[in-house]
Amino acid sequence: MEKILISGCLLGLPVRYDNKIQPVENKYIQKWHKEGRFIIVCPEVKGGLPTPRPPAEIMGGSGEDVLSGNACIHNSAGGDVTQAFITGAQAALDLVQRFHIRMAILKEKSPSCGSHFIYDGTFSRRLIPGLGVTAALLIRNGVSVFSEKEIGTAFEFFGRI
Ligand code: SF4
């Protein structure tokens, strides 16, 4: 069966930095879930970070820049959590490769999972265009990544693969 990678928080798992439960309500998500298509991942937890944890933002670039060694990730307490984010992204890629996954649905705006927007590194809730670290690594490896705002588009795409 063709599998789909999904951010754990979108299914309501308690993995978010703030420990809030925020499942996405969507008929296609429910259908895929019932069919057993989801491979669930939280890259930040996979990278060894606890829940709850201080919020983190990419400083001076995007997920691509982090992967290239040209940007880092700090949390709001000033700690450098770059390596945990890279480890988590690699864990997500390992799942993709193990299950031959071609499509992922990832949570928008996250420094790991964001696929269009991320916060700008100033902890002032300002968004900039850019990819999170996991989204960047998956796209680099040929995975089609959609956010929770694009599930209808993802459903159409999934029907063609
Ligand atoms: Fe984990 Fe990604 Fe959800 Fe953040 S957005 S809690 S890294 S699954």
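Notes on the structure in this doc start here. (Residues numbered from 1 in each chain as written. Predicted model: local features only at pLDDT ≥ 70, side-chain atom pairs only at ≥ 80, totals over all residues. Heavy atoms only, no water.)

All right, on to the packing of helix H1 (residues 27-35) against helix H6 (residues 151-160) then. Between H1 and H6, whose axes approach to 9 Å, the crossing angle comes to 45°. As far as their axial angle goes, H6 and H1 are oblique. Residues Tyr28, Ile29, Lys31 and Trp32 of H1 form the contact with H6, whose participating residues are Ile151, Gly152, Ala154, Phe155 and Phe158. In the contact of H1 with H6, the residues fall into seven nonpolar, one polar and one charged. (Axes fitted to C-alpha atoms, helices over the stretch in contact; angles between N-to-C directions. Helix = DSSP H or I, 4+ residues; strand = E, 2+ residues; numbered from the N terminus. Parallel < 35°, antiparallel > 145°, perpendicular 65-115°, else oblique. Contact = heavy atoms within 4.5 Å. Nonpolar A, V, L, I, M, F, W, Y, C, P; charged D, E, K, R; others polar.)

Glancing now at the sheet that holds strand S1 (residues 4-7). Pairing is parallel in the open sheet, where four strands are placed in the order S2-S1-S5-S8. One side of each edge strand has no neighbouring strand; the edge strands of this open sheet are strand S2 (38-41) and strand S8 (144-147). The mean angle between the axes of side-by-side strands here comes to 25°, regardless of whether they run parallel or antiparallel. Two elements, S1 and S2, share four bridges in a ladder whose sense is parallel. (Pairing = 2+ DSSP bridges.)

This paragraph deals with the packing of aromatic side chains. By the definition in use, this model includes five aromatic pairs. Ring centres of Trp32 and Phe158 lie 5.5 Å apart, and the angle between their planes is 75°; this geometry places the pair in the edge-to-face category. With Trp32 in helix H1 and Phe158 in helix H6, the pair connects residues that are 126 residues apart, well separated along the chain. An identical accessibility class is assigned to Trp32 and Phe158; each is buried. For the pair Phe146 and Phe157, a centre-to-centre distance of 5.4 Å together with 50° between the ring planes defines the contact as tilted. Here Phe146 is found in strand S8, whereas its partner Phe157 is found in helix H6, with eleven residues between them in sequence. Each of the two residues, Phe146 as well as Phe157, counts as buried. Among the aromatic residues, those joined into a ring-pair cluster are Tyr28, Trp32, Phe38, Phe155 and Phe158. (Phe/Tyr/Trp six-rings, centres within 6.5 Å; stacked < 30°, edge-to-face > 60°. Buried < 20%, exposed > 50% of the residue type's maximum accessible area, 1.4 Å probe, protein only.)

To continue, consider the site of the ligand. Around the ligand, the surrounding shell holds 14 residues, and the nearest of these are Cys9, Cys42, Glu44, Lys107 and Cys113. Partitioned by chemical class, the residues of the shell around the ligand number six nonpolar, four polar and four charged. (Near = heavy atom within 4 Å.)

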